[in-house]
Amino acid sequence: MKILVINAGSSSLKYQLYDMTAETVLASGSVERIGMETSIVTQAVPGRPDMREVSEILDHVTAVKRLLDMIAHPEYGVIESIAEVQAVGHRVVHGGEVFKQSVLVDETVKLEIRQLFDLAPLHNPAHMMGITAVETNLPGVPQAVVFDTAFHQTMPEVAYLYPIPKVLYRRHKIRRYGFHGTSHHYVSDQAAELLGRPLDELKMISCHIGNGASCTAIQHGVSVDTSMGLTPLEGLMMGTRSGDLDPAIVPFTMNKEDLTLSDVNSMLNKHSGLVAISGLSSDMREIEEAMAEGDRNARLAFDMYVYRLRKYIGAYTAVMDGVDALVFTAGIGENSSSLRAEVCKNLSYLGVKLDDAKNGMRTKKPREISAPDSRVRVLVIPTNEELLIARDTYKLVTEQASSLSGQREEGTDA
Ligand SMILES: Nc1ncnc2c1ncn2[C@@H]1O[C@H](COP(=O)(O)OP(=O)(O)O)[C@@H](O)[C@H]1O
Ligand SMILES: CC(=O)OP(=O)(O)O
Ligand SMILES: [Mg+2]
């Protein structure tokens, strides 16, 4: 079965086409800058040169159409016809309390996702556009949605409630949800496999540090706490997001700087974090390059980033009464050996000891980077949210097909 996985952002759409026979990626790519005159379309096919084009793609429906044209293109495509796409899986960031697992899309599911627009204004409307675009371009093809929040639905009340009037939870479902769940779930499974131990015996802290960043305490294989909250703004310092701060800063700044709610929202989501402190970039590679040239603001941004992450590792060790494994993943976690070294440097009280040579190795494979006598095993596990989305989609679609054929047989018998 060929499954298309779509991760639709507000101005971009990333995709991977899977052949589920051996879980191979046939093609992957993205459409960026949707809605602008110079949208960028890319496609990578294993064993072939990458393709990159600039064209005008005004909306998500056109973006989906463009990606379908590409994967079925006579020259650079990988399938003969788009009819070979048998199912589509979408990443949906916010599933609220309604979705504890992945589901097939129907009218009720679409309505629920729409009702969550308020809680994830940057993400959910974009996902919905992706879903609608597939309906238009691939009518009748089943679609599944896989939620970032689902994995964290196991958090206990003590972790997910905010100490604010409870009526706000009852009326508006204001609580902590957590995100990047598909990634935390994937890397925790992989980590248990690498360690050769059952997942339910392990206490793990997974650090998904990419552009958005979050840290999760995983005990007995389930999320018991995570750093993001009602929205993906809480927790760690990120590329452009502040992470934790005193909430009083919001009214104080609005008052002093004469800002609107939307100004403050944009300040905290788009103009804070690494880019604000470095005054340079939200991209960790650029921060590290500037640091190497002696830039003090870049150094401060890096140090704050590490400091705040280390605080969460300490907190989650306390939450679980210990930690067996620390997992680094996503763009920064997978690639920045210097950041991993800095984070682990001050964790000696936990018995964390890195093997510098292993930490410095450049490979895309899951690996251990701690020394043999480290009490806590430290791992780097490349995340693969798309693979989990493809697997869930495959499972849901085949279950539905077998239940339909069961019903048909029953009908025939009768
Ligand atoms: N070699 C590297 N060294 C340091 N940081 C890196 C490296 N490669 C990628 N990154 C960082 O990873 C981040 C992007 O992570 P990614 O997981 O792709 O983000 P997202 O999926 O949230 O867009 C950027 O800050 C980028 O600088
Ligand atoms: C939820 C979230 O922050 O996602 P991303 O890292 O893709 O921005
Ligand atoms: Mg990501």
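Structural data are supplied above this passage.
Keep in mind that what you see is a predicted model, and the values were worked out from it rather than measured.

Parameters at a glance
Residues numbered from 1 in each chain as written. Chains lettered and ligands numbered in written order. Predicted model: local features only at pLDDT ≥ 70, side-chain atom pairs only at ≥ 80, totals over all residues. Heavy atoms only, no water. Buried < 20%, exposed > 50% of the residue type's maximum accessible area, 1.4 Å probe, protein only. Helix = DSSP H or I, 4+ residues; strand = E, 2+ residues; numbered from the N terminus. Pairing = 2+ DSSP bridges. Phe/Tyr/Trp six-rings, centres within 6.5 Å; stacked < 30°, edge-to-face > 60°. Contact = heavy atoms within 4.5 Å.

## Remarks on the pairing of strand β1 (residues 2-8)
Counting buried positions along β1 gives 6 out of 7 residues, so the element sits mostly inside the fold. Here β1 pairs with strand β6 (residues 85-92) via 5 bridges, running parallel. Note on β6: the bridge partner recorded for K2 is V85. By the bridge criterion, 7 bridges tie β1 to strand β2 (residues 12-19) in an arrangement that is antiparallel. Residue pairing for β2: K2 is matched across the bridge by D19. Adjacent in sequence and paired antiparallel, β1 and β2 are bridged by 3 residues.

## What about the packing of aromatic side chains?
What the rule picks out here adds up to 3 aromatic pairs. Measuring from centroid to centroid gives 4.3 Å for F99 and F147, while their planes differ by 10°, and the two rings are stacked. Remark: F147 occurs in strand β8 (residues 143-147) and F99 occurs in the loop between β6 and β7 (103-104); sequence separation between them is 48 residues. Judged by relative accessible area, which is 6%, F99 ranks as buried. Given a relative accessible area of 2%, F147 falls into the buried group.

## Focus on the environment of V250
By the secondary structure assignment, V250 is in helix α7 (residues 249-257). Each C-alpha atom of the pair V250 and R171 lies 23 Å from the other, and the pair is 79 residues apart in sequence. With sequence-adjacent residues up to four places away left out, V250 is seen in contact with V264 and L268.

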